[in-house]
Amino acid sequence: MGLLVFFAAVAMLSVLVAGYQDTKTEEYEEVLAECAPGGVLVYGADESAPPLRFVDEDGVYKGVVVDYVGQLSLELGIEISAVPYKWDEAIDALKSGETDLCDMFINSEREKYFVFTDPIYTLRTVMVVRSGLDYTMQDIHSMRVATQKGDYANWYMKMNFPEAELVYVHDVGEGLEMLQAGNVDGVIGDEPVVSYYAGKQGCNDKISTIGTSLYEEPVCLGVPKEKAKLVPVLNQAIKTINEKGQLEKIQQKWFGISTPLITTRSGSAVANLLGIVVAAFGFAVLLVQLNNRSLRRQVNRRTSELAAKNNELQLIFDQMPEGVILADGEGKILNGSYRFFSENLMGQKLEEGIPCSQFLRNFCGNPQCNGFCGDEKVCIIADTMQKEQPVVKKVRTADAIYEIRSVPASFPEDSAGSSAVLLMVRDITLDEASSQKLLQSSKMIAIGQLAGGMAHQIRNPLGIIRTQSFIIRSSHRDDEALQKSLNYVDDSVKRASEIIDNVMNFWRVSDDSQVEVCVRQLLESVVLLQEKEFHSAGISVEIRCDQDLHLVTSEDALKHIFHNLVANSVDAMENGGRLILSAANAGGFVEMICEDTGCGISEKNMRSLFNPFFTTKEPGKGTGLGLYIVYSEVEKIGGTIEVTSREGEGTSFLIRIPQGQVKHEQ
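How each quantity is defined
- Residues numbered from 1 in each chain as written.
- Predicted model: local features only at pLDDT ≥ 70, side-chain atom pairs only at ≥ 80, totals over all residues.
- Heavy atoms only, no water.
- Helix = DSSP H or I, 4+ residues; strand = E, 2+ residues; numbered from the N terminus.
- Buried < 20%, exposed > 50% of the residue type's maximum accessible area, 1.4 Å probe, protein only.
- Contact = heavy atoms within 4.5 Å.
- Areas by Shrake-Rupley, 256 points an atom, 1.4 Å probe, with all protein chains shown as cover.
- Pairing = 2+ DSSP bridges.
- Axes fitted to C-alpha atoms, helices over the stretch in contact; angles between N-to-C directions.
- Core = buried A, V, L, I, M, F, W, Y, C linked by side-chain atoms within 4.5 Å.
- Parallel < 35°, antiparallel > 145°, perpendicular 65-115°, else oblique.
- Left-handed = near helix turned anticlockwise from the far one by under 90°.
- Nonpolar A, V, L, I, M, F, W, Y, C, P; charged D, E, K, R; others polar.
- Salt bridge = Lys/Arg side-chain N within 4 Å of Asp/Glu carboxyl O.
- Phe/Tyr/Trp six-rings, centres within 6.5 Å; stacked < 30°, edge-to-face > 60°.
- Lys NZ or Arg CZ within 6 Å of the ring centre and 35° of its normal.
- pLDDT = per-residue confidence, 0-100.

A. Just the overall build of the protein chain, in detail. Within the protein chain one finds 22 helices and 25 strands. Burial status across the protein chain gives 42% buried among its 666 residues. Partitioning the intrachain contacts of the protein chain with sequence separation of at least 6 by distance along the chain shows that 65% fall at a separation of at least 24. Working note: accessible area of the protein chain is about 35600 Å², and carbon and sulfur atoms make up 53% of it.

Structure representation (structure tokens):
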């Protein structure tokens, strides 16, 4: 019995794991589709670092890493195009988003722009000099060193040997040529690359390294922060490649059993080194060097750990639905949600070091932002630091409404702690729109109830008038003048009753049930309700619709749609004009058009026409919800809406609604 329970548990666990893996696979496919909309990722790196990556004489980009990227492409199930660059241009291409991937060492400068995967391989970098010269690490400070522009080595040298003079070369081969000619004192390069070029130039016996290596670091794939979602996907593929031992196979293809190494010292150099080791002073120097090397390794290891933590933090930032900005006490940006702001700023990037107020002004894009990020006296950051408590403000941009919450924070770097501010930006446009829409619905319900009460009160005297008219008419059948006057009275009573019925039908509280609607009657009821506005504005109205045109839909939604469209048309024709409401059968659909000869809509405003709270009217004359409600209601009943307009000529809204199953009377 116990075994049966155990195997059942194992089977259930297998099903759960399989389900989880399927879910992760679907998520990864969605990420790849989002980050590579054309179905291709682009890997761009150095063109002249053989055998790691280089353009061969036949013009083919190849090498260890290029083969590795090919394996990565197979694991991901997506094409990865490998493109060669000069090293500094490769970094710039990744920053600009021209490429998606590049293998590199991690440093603080690169962390500003990129996030990184797990390591894909470890690489040793060496400093080579002419043989016979007993340089030590301390000598590097006064050396003239050849290095590739944009390489990690440049940053490393500035951090550790700032006095050294750097000479930028195209590749390590050019650096070795300058070394042999005596134009530089040393050359920095990755060990396999130096070995390749030294063998090609036949100078292996003419060069040696300073120490065992300059540094030995893990190499990761760098990804632009805007595409941080790629990192978990790439990490999974890297893990699979490592488990299959593909990297070892690729290395064996290019290097054989092991990577070729450069001889570190000649025989005389070793003898000299042993002599120095015997000497007390030399021994002390060696201890210092060993200690420094140990410290560097610890620093590098700690740097890698911090980089990994920073990547995790950045991934968390970029997965949050809100935008997050961390600013220091002076209001300068330290970090933030790169993905959120790139999507909401049409590609504009959040950059570290720039004033937060400047960025927020760009984000908002209108003068109303000065209330929280323009004038330093009322800046939300300064306000937060002064009050030492959270501050919440709202701002309306051209297309949306955002809530900005500012919270005081601190860095416990010293006893006092360094001041900082955490800003959280949330898009509350739909929340505000839903609230306003609910408020408007409540108002309409109240108006409907009021209209019902008024209709009841008005119908009573109308009934009395109709009864008295009948009595008078019956008593004075021979008086033609009186009969004519009574006809006017009866017609007016009938018209008043029709108006009451129309108002009641329009404002009646209804649900979203589907009913058969006579389209012409609905359009006539909408026109009747706004008849006074048409007359006051000098607008002529024409309805083009057959009496027998019906469709099955939500009558309440259709009323709201045309009420808002007609109201907009009236506002657009302040100096009079013509309004045409038409409807016709179009093969399973009913096409309904609201066309006016008003002022029209500019191309700039057409893009934001259906956005909530977007309005071109003066403050107090429009909520910006009319066309948003129209769009929402059209979608709700399964229809589509299109708009065409020309400034100064007029606007036309075309609505296509499924006709539904209409029942015709036999």
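B. Looking closely at the sheet that holds strand β23 (residues 589–596). Pairing is mixed in the open sheet, where 5 strands are placed in the order β20-β22-β23-β25-β24. Of all strands in the sheet, those with a lone pairing partner are β20 (539–544) and β24 (640–646), marking the two edges. This sheet shows a mean twist of 10° between the axes of neighbouring strands, independent of strand direction. With 6 bridges connecting them, β20 and strand β22 (residues 577–585) associate as parallel partners. In the strand pairing of β22, Ile539 is matched with Gly577. Here helix α20 (residues 555–572) sits on the sheet in contact with β20, β22, β23 and β25 (650–658), set at roughly 20° to β23.

C. Quick look at unusual backbone geometry. The step from Pro50 to Pro51 runs through a cis peptide bond, and the omega angle for that step is 0°. Position of Pro51 among the secondary structure elements: in the loop between β2 (48–49) and β3 (53–55).

D. Broad picture of the nonpolar core. Among the nonpolar cores identified, the biggest contains 87 residues, and Leu72, Leu76, Ile140, Met157, Leu176 and Leu214 are the most heavily contacted of them. Those residues in contact with Met157 that sit more than four places away from it in its chain are Met127, Ile140, Val145, Pro162, Ala164, Leu166, Ile188 and Leu214. Counting 39 residues, the second-largest nonpolar core is a separate cluster that includes Met592, Ile601, Ile637 and Ile657.

E. Main features of helix α7 (residues 191–201). Among the residues of α7, those classed as buried are Glu191, Pro192, Val193, Val194, Ser195, Tyr197 and Ala198. In this fold, the buried residues of α7 make contact with β2, β8 (121–130), α6 (172–180), β11 (186–190), β12 (207–209) and α9 (246–255). Downstream of α7 by one or two residues, Gly202 has phi in the positive range, about 65°.

F. Highlighting the pairing of strand β1 (residues 40–46). Counting buried residues in β1 gives 6 out of 7 residues, a clear majority hidden from the surface. Both β1 and strand β5 (residues 79–85) contribute to a ladder of 7 bridges, which runs parallel. When the bridges of β5 are listed, Asp46 appears paired with Tyr85.

G. Quick peek at the packing of α20 against helix α22 (residues 626–636). Where α20 contacts α22, the two axes come as close as 9 Å, and the packing angle between them is 150°. Between α20 and α22, the crossing angle belongs to the class labelled roughly antiparallel. For α20 against α22, the interelement crossing comes out left-handed. Together, Ala557, Ile561, Asn564, Leu565 and Asn568 of α20 and Gly626, Leu627, Ile629, Val630, Glu633, Val634 and Lys636 of α22 make up the contact between the two elements. The residue makeup of the contact of α20 with α22, split by class, is 7 nonpolar, 3 polar and 2 charged.

H. Molecular detail of the sheet that holds β3. Strand order in the open sheet made by the 3 strands is β2-β3-β4, with antiparallel pairing throughout. Edge positions in the sheet fall to β2 and β4 (61–62), since each has one partner strand and no second. Judged from the 2 bridges that link them, β3 and β4 form a sheet pairing that is antiparallel. When the sheet's bridge partners are listed, Phe54 is paired in β4 with Lys62.

I. Summary view of the pattern of salt bridges. For the structure on display, the rule yields 18 salt bridges. Across the salt bridge formed by Lys62 and Asp56, the nearest N and O atoms sit 2.8 Å from each other. Residue Lys62 is classed as partly exposed on the basis of its relative accessible area of 22%. Residues Arg144 and Glu165 are paired through a salt bridge, measuring 3.1 Å at the closest nitrogen-oxygen approach.

J. Just the packing of aromatic side chains, in detail. Within the structure shown, the criterion is met by 9 aromatic pairs. Look at Phe54 and Tyr196: their rings are 6.2 Å apart centre to centre, the planes differ by 35°, and that puts the pair in the tilted class. Within this pair, whereas Phe54 is found in strand β3, its partner Tyr196 is found in helix α7, the two being separated by 142 residues in sequence. Since its relative accessible area comes to 34%, Tyr196 is described here as partly exposed. A centroid spacing of 6.2 Å and a plane angle of 55° characterise the contact between Tyr113 and Phe114, whose relative ring orientation is tilted. Residue classification places Tyr113 among the partly exposed positions, given a relative accessible area of 35%. What makes Phe114 buried here is its relative accessible area of 1%. The structure contains a cluster of three or more aromatic residues connected by ring pairs, namely Phe105, Tyr152, Trp155, Tyr156 and Tyr215. Taking the ring centre of Tyr113 as reference, the NZ or CZ of Lys95 above it sits at 4.4 Å. The ring of Phe589 has Arg656 sitting right over it, with the charged end atom 4.4 Å from the ring centre.

K. Summary view of the environment of Met143. With respect to the element layout, Met143 can be found in the loop between β8 and β9 (144–148). The class of Met143 is buried, set by a relative accessible area of 3%. Separated by 43 residues in the primary sequence, Met143 and Gly186 place their C-alpha atoms 7.1 Å from one another. Setting aside chain neighbours within four positions, we find Met143 in contact with Val129, Tyr135, Ala164, Glu165, Asp185, Gly186 and Ile210.

L. Structural view of the confidence of the model for the protein chain. Looking at the protein chain as a whole, the pLDDT averages 77, with 71% of positions reaching at least 70. Low pLDDT, under 50, characterises residues 1–22; the stretch is placed with 0 contacts to residues that sit more than four places away or in other chains. Note on residues 258–274: pLDDT is under 50 here. Beyond four places in sequence and across chains, it has 27 contacts.

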